[in-house]
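Residue-level listing of the chains:
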Amino acid sequence: MATETTRIGKGIRIQGEITGKASIEIEGRLEGTAGTEGEVRVRPGGSVKGEIAAQRVVIEGELEGQIAAEKKIELQSTCTVRGDLEARSVAIADGAFFEGHVKMTGSR
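So, here's what we can say about the structure. Worth saying up front: this structure is predicted, and the values here are computed from it rather than measured.

Cut-offs used in this document
- Residues numbered from 1 in each chain as written.
- Predicted model: local features only at pLDDT ≥ 70, side-chain atom pairs only at ≥ 80, totals over all residues.
- Heavy atoms only, no water.
- Salt bridge = Lys/Arg side-chain N within 4 Å of Asp/Glu carboxyl O.
- Helix = DSSP H or I, 4+ residues; strand = E, 2+ residues; numbered from the N terminus.
- Buried < 20%, exposed > 50% of the residue type's maximum accessible area, 1.4 Å probe, protein only.
- Contact = heavy atoms within 4.5 Å.
- Polar contact = N/O pair within 3.5 Å; in protein donor to acceptor, adjacent residues only side chain to side chain.
- Core = buried A, V, L, I, M, F, W, Y, C linked by side-chain atoms within 4.5 Å.

## Describing the pattern of salt bridges
Point 1. Tallied over the entire structure, the rule returns 9 salt bridges.
Point 2. Its salt-bridge partner being Glu-25, residue Arg-43 comes within 3.4 Å of it at the nearest N-O pair. Taken together, the positions of Arg-43 in the loop between β5 (39–42) and β6 (47–59) and Glu-25 in strand β3 (residues 23–26) put the pair 18 residues apart, joining distant regions of the chain.
Point 3. Taking relative accessible area as the criterion, Arg-43 reaches 25% and is therefore assigned partly exposed.
Point 4. With its nearest N and O atoms 3.3 Å apart, the salt bridge here joins Glu-60 to Arg-41. One end of the pair, Glu-60, is in the loop between β6 and β7 (62–75); the other, Arg-41, is in strand β5, and 19 residues separate them in sequence.

## Quick word on the environment of His-101
Point 1. One can find His-101 in the loop between β10 (97–99) and β11 (102–104).
Point 2. For His-101, a relative accessible area of 58% corresponds to the exposed category.
Point 3. For the pair His-101 and Gly-83, spaced 18 residues apart in sequence, the C-alpha to C-alpha distance is 6.9 Å.
Point 4. In this view, His-101 contacts Gly-83, Asp-84 and Leu-85; residues no more than four positions away in its chain are not counted.

## A word on the side chain of Glu-39
Point 1. Within the secondary structure layout, Glu-39 lies in strand β5.
Point 2. Relative accessible area serves as the criterion here: at 13%, Glu-39 is assigned to the buried category.
Point 3. A polar contact of 2.3 Å, which involves the side chain of Glu-39, links it to the side chain of Arg-56.

## Re the nonpolar core
Point 1. Core analysis: the biggest nonpolar cluster contains 23 residues, and Ile-26, Ile-52, Val-57, Ile-59, Ile-73 and Leu-75 have the highest contact counts within it.
Point 2. Of all elements in the fold, only β3, β4 (29–36), β5, β6, β7 and β8 (80–87) reach the threshold of two or more residues within this core.
Point 3. Leave out the neighbours within four places in its chain, and Val-57 touches Val-40, Ile-52, Ile-67, Ala-69, Lys-72, Ile-73 and Glu-74.

Here is the structure:
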């Protein structure tokens, strides 16, 4: 997993595509796609409208779209997610809001 982190701070709005090897932490707003070999974390107050592809994805804020993770997707109690999830492992915390479909990949 990547050791560097790119941060989209509060009050920042990005439209487009983010790709790379570093992990991404979103506290602002992303409208588009985020793809990385690391982790994507959407913090409380952060939002994504689009697609995320990463090794691991943690949603604490809002997401409308699709998530594909090689390893794990975690929906924390503070999140609101409307969309489809695809990963080997999916964890949905008590209190999380999720509306969509889950597709489990890989073998046990």
